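Secondary and tertiary structure notes
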Amino acid sequence: MARRTRKRLYRKHAQKVHKTIKSWLRKGNPNVRHYDCLFNAELAALKGKLDSAEGWYQSAIVCATRQGRVHESAMACERYGDFLLHQRNDGEEAQHKFDDAIRRYGEWGAQKKADMLRQQHQVLLETPAEVLVNRQRLSHISRLGFRGDFTLTGAKPNSDLKTT
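A closer look at the packing of aromatic side chains
Across all of its chains, the model carries three aromatic pairs by this definition. Between Y57 and F83, the ring centres sit 5.2 Å apart and the planes meet at 40°, which makes this aromatic pair tilted. Of this pair, Y57 sits in helix α4 (residues 50-66) while F83 sits in helix α5 (residues 70-86), and the two are 26 residues apart along the sequence. Geometrically, the ring pair formed by Y80 and F83 is stacked, given 6.3 Å between the ring centres and 25° between the ring planes. Remark: F83 and Y80 occur in helix α5; sequence separation between them is three residues, near one turn of the helix. One aromatic cluster is present, built from ring pairs that chain together Y57, Y80 and F83.

Structural data, given as structure tokens:
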């Protein structure tokens, strides 16, 4: 949220939580290492250190996965996808991370969360085959000499073209 709004309030709170997590790590708690990596990634992204942020996001995913924390690795994939989409402007790589997050949320049993993420990033997650089919339909309509406005609704395969 701090990256999106640039509000100091969110940053201060995150720093306080991160300080607590670091103290747990110093005391030997291995169960929070992925959180430390994720906080480091978010902080690096906030400071504009994009290469460093990528490394931290990847570490967070690996740490959570190795500990068997599927839901937390899903969250790290989701945050990494958001970073790639908005900070790096890399929609293709973001798509892969969102796919990973959706799959992991599904594995964990959080189907509503997976559906929500799928709906939020529907355009990114549309497969190239679906894009190709839609383009072929549009091409076919124009070859038939159709003149007018039309929209694709994505409802049913044979009835998704509406004329106005």
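Now that the structure has been shown, the text picks up again.
Quick look at the pattern of salt bridges
For the coordinates displayed, the defined rule picks out ten salt bridges. A salt bridge links E42 to R79, with the nearest nitrogen and oxygen atoms 2.9 Å apart. With E42 in helix α3 (residues 33-46) and R79 in helix α5, this pair connects stretches of sequence that are 37 residues apart. Note that R103 and E107 form a salt bridge whose closest N and O atoms lie 2.8 Å from each other. Of this pair, R103 and E107 both sit in helix α6 (residues 91-108), four residues apart, which is roughly one turn of the helix. Residue class for R103 comes out partly exposed when judged on its relative accessible area of 42%. Salt bridges sharing common partners tie together K97, D100, R103 and E107.

Some points on the packing of α5 against α6
Where α5 meets α6, the axes come as close as 8 Å, and the angle between the chain directions of the two elements is 160°. In this view, α5 runs roughly antiparallel relative to α6, as classed from their interaxial angle. Judged by the twist between their axes, the crossing of α5 over α6 is left-handed. Contacts from V70, H71, S73, A74, M75, C77, E78, Y80, G81, D82, L84 and L85 in α5 reach G91, E93, A94, K97, F98, D100, A101, R104, Y105, E107 and W108 in α6.

A short note on the packing of α3 against α5
The geometry of α3 relative to α5 is characterised by a closest axis approach of 11 Å and an angle of 10° between their N-to-C directions. Looking at the two axes, α3 sits roughly parallel to α5. Judged by residue contacts, H34, Y35, L38, E42 and A45 of α3 engage E72, M75, A76, R79 and F83 from α5. The residue makeup of the contact of α3 with α5, split by class, is six nonpolar, one polar and three charged.

Cut-offs and rules
Residues numbered from 1 in each chain as written. Predicted model: local features only at pLDDT ≥ 70, side-chain atom pairs only at ≥ 80, totals over all residues. Heavy atoms only, no water. Phe/Tyr/Trp six-rings, centres within 6.5 Å; stacked < 30°, edge-to-face > 60°. Helix = DSSP H or I, 4+ residues; strand = E, 2+ residues; numbered from the N terminus. Salt bridge = Lys/Arg side-chain N within 4 Å of Asp/Glu carboxyl O. Buried < 20%, exposed > 50% of the residue type's maximum accessible area, 1.4 Å probe, protein only. Axes fitted to C-alpha atoms, helices over the stretch in contact; angles between N-to-C directions. Parallel < 35°, antiparallel > 145°, perpendicular 65-115°, else oblique. Left-handed = near helix turned anticlockwise from the far one by under 90°. Contact = heavy atoms within 4.5 Å. Nonpolar A, V, L, I, M, F, W, Y, C, P; charged D, E, K, R; others polar.

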